[in-house]
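Residues per chain, in single letters:
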Amino acid sequence: AVLKGVQTMLALEISQEPQIKKICREIYRKSAVLCTEPTERGKQDIDYFHQSYGLQYIDRKPLLKYLEPEKDSGLDETQFLRIESATKEGLLTYKIKPPEKKVILQDYDSYGKQIENYELDLEQFLKILEPAYNPPIDKEEQVQLDWYKFREKILHSALKDYLIPSLNEEVIQEMRLKAREKVIEKASEVYKN
């Protein structure tokens, strides 16, 4: 119980470290994706003429497209606000998925295609964190190995329990803000003309 408390405290401390958060934020922004899925109501209500048509099946769209849209990319920069609006109406759900790696399972779907799955990929983050917080050891000695595994649990906990949820909230707020700014910009252009 004491080690679990220490693990939690250290994971929280690491996740609050400004430099760590900055580096992890950069990785998260580059690698996280947005996925949407229609609700039962959305499957019935969203048709070709509905304002939310095209938003209900977004699969793994990189967040950078929302956070740093390219000029003349054709992306409706207010799209995230429309996704949130459709979510509030109960037409769809969205998820921001942290960096993941593709895992190919040995199972096949009903069409004979091999099933692909995704799982959380902490490797990008751990490459940066491990040298500072969990240096290489002589794996011959059991005591060193036990401490290495304990520090590894702390890093995983810092990422899964604190950093990634925090970064998730940050990008949602940033995408919402950028989309609102674009709405205001478009409205002011219309008003000027």
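The rules we used
Along each chain, residue indices are assigned from 1 in the same order as the chain's sequence is written. For a predicted model such as this one, the threshold for reporting local features is a pLDDT of at least 70, and the threshold for listing and counting side-chain atom pairs is 80 or more; totals across whole chains, interfaces and linings nevertheless cover every residue. With hydrogens and water set aside, each side-chain value is computed from the structure's full complement of heavy atoms. Secondary structure elements are defined from DSSP: runs of H or I of at least 4 residues count as helices, runs of E of at least 2 residues count as strands, and each element is numbered from the N terminus. Think of it in three bands: with a 1.4 Å probe and only protein chains considered, a residue is buried below 20% of the maximum accessible area for its type, exposed above 50%, and partly exposed in between. Per-residue accessibility takes into account occlusion by the displayed protein chains alone, with areas from the Shrake-Rupley method and a 1.4 Å probe. Only the stretch in contact is used when fitting a helix axis, every axis being a line fitted to C-alpha atoms; angles between N-to-C directions are given from 0 to 180 degrees. Angles below 35 degrees are treated as roughly parallel, those above 145 as roughly antiparallel, those between 65 and 115 as roughly perpendicular, and all remaining angles as oblique. Two helices that cross are described as forming a left-handed crossing if the nearer one is turned anticlockwise from the farther one by less than a right angle, and a right-handed crossing if clockwise. Here, two residues are considered to be in contact whenever any of their heavy atoms come within 4.5 Å of each other. Each residue receives one of three labels: charged for Asp, Glu, Lys and Arg, nonpolar for Ala, Val, Leu, Ile, Met, Phe, Trp, Tyr, Cys and Pro, and polar for the others, Gly being one of them. By definition, a salt bridge exists where a carboxyl oxygen of Asp or Glu is found within 4 Å of a side-chain nitrogen of Lys or Arg. Between any two strands, pairing holds if DSSP finds at least two bridges. Joining through side-chain atoms within 4.5 Å is the link that ties buried Ala, Val, Leu, Ile, Met, Phe, Trp, Tyr and Cys residues into a set, and such a set is a nonpolar core.

(A) Geometry of the overall build of the protein. Regarding its fold elements, the protein presents 7 helices and 5 strands. Reading the secondary structure of the protein in the N-to-C direction produces α-α-β-α-β-α-α-β-β-β-α-α. Judged by the C-alpha coordinates and their principal axes, the protein covers about 70 × 50 × 35 Å. In the protein, buried positions account for 32% of the 193 residues. Carbon and sulfur atoms provide 51% of the accessible area of the protein, an area that totals close to 12,800 Å².

(B) Expanded view of the packing of helix H6 (residues 123–133) against helix H7 (residues 142–192). Contact geometry of H6 with H7 gives a least axis separation of 11 Å together with a crossing angle of 135°. Considered as vectors, H6 and H7 are oriented oblique to each other. The handedness of the crossing between H6 and H7 comes out as right-handed. Of H7, the residues touching H6 (which contributes Phe 125, Leu 126, Leu 129, Glu 130 and Tyr 133) are Tyr 148, Arg 151, Glu 152, Leu 155, His 156, Leu 159 and Ile 164. A class-by-class count of the residues in the contact of H6 with H7 yields 8 nonpolar, 1 polar and 3 charged.

(C) Up close: the pattern of salt bridges. Counted by the stated rule, this structure contains 8 salt bridges. When the shortest N-O distance is used, the salt bridge between Asp 45 and Arg 41 registers 3.1 Å. Here Asp 45 and its partner Arg 41 are both found in helix H3 (residues 40–45), 4 residues apart, which amounts to about one turn of the helix. What makes Asp 45 partly exposed here is its relative accessible area of 33%.

(D) Structural view of the sheet that holds strand E2 (residues 61–62). In space, the 3 strands of this open sheet follow the order E2-E1-E3, with antiparallel pairing throughout. Edge positions in the sheet fall to E2 and strand E3 (92–97), since each of these pairs with one other strand and no more. Note that strand E1 (residues 33–38) and E2 share 2 bridges and pair antiparallel. Pairing of Leu 34 across the sheet is with Lys 61, part of E2.

(E) Up close: the nonpolar core. Formed by 35 residues in total, the largest nonpolar core has its most connected members in Tyr 28, Leu 63, Ile 96, Phe 125 and Leu 159. At the level of elements, helix H1 (2–16), helix H2 (18–31), helix H4 (64–67), helix H5 (79–88), E3, H6 and H7 are the ones that each hand at least two residues to this core. At 11 residues, the largest contribution of residues to this core is made by H7. Setting aside its immediate chain neighbours within four residues, Leu 159 contacts Cys 24, Leu 122, Phe 125, Leu 126, Leu 129, Ile 164 and Pro 165.

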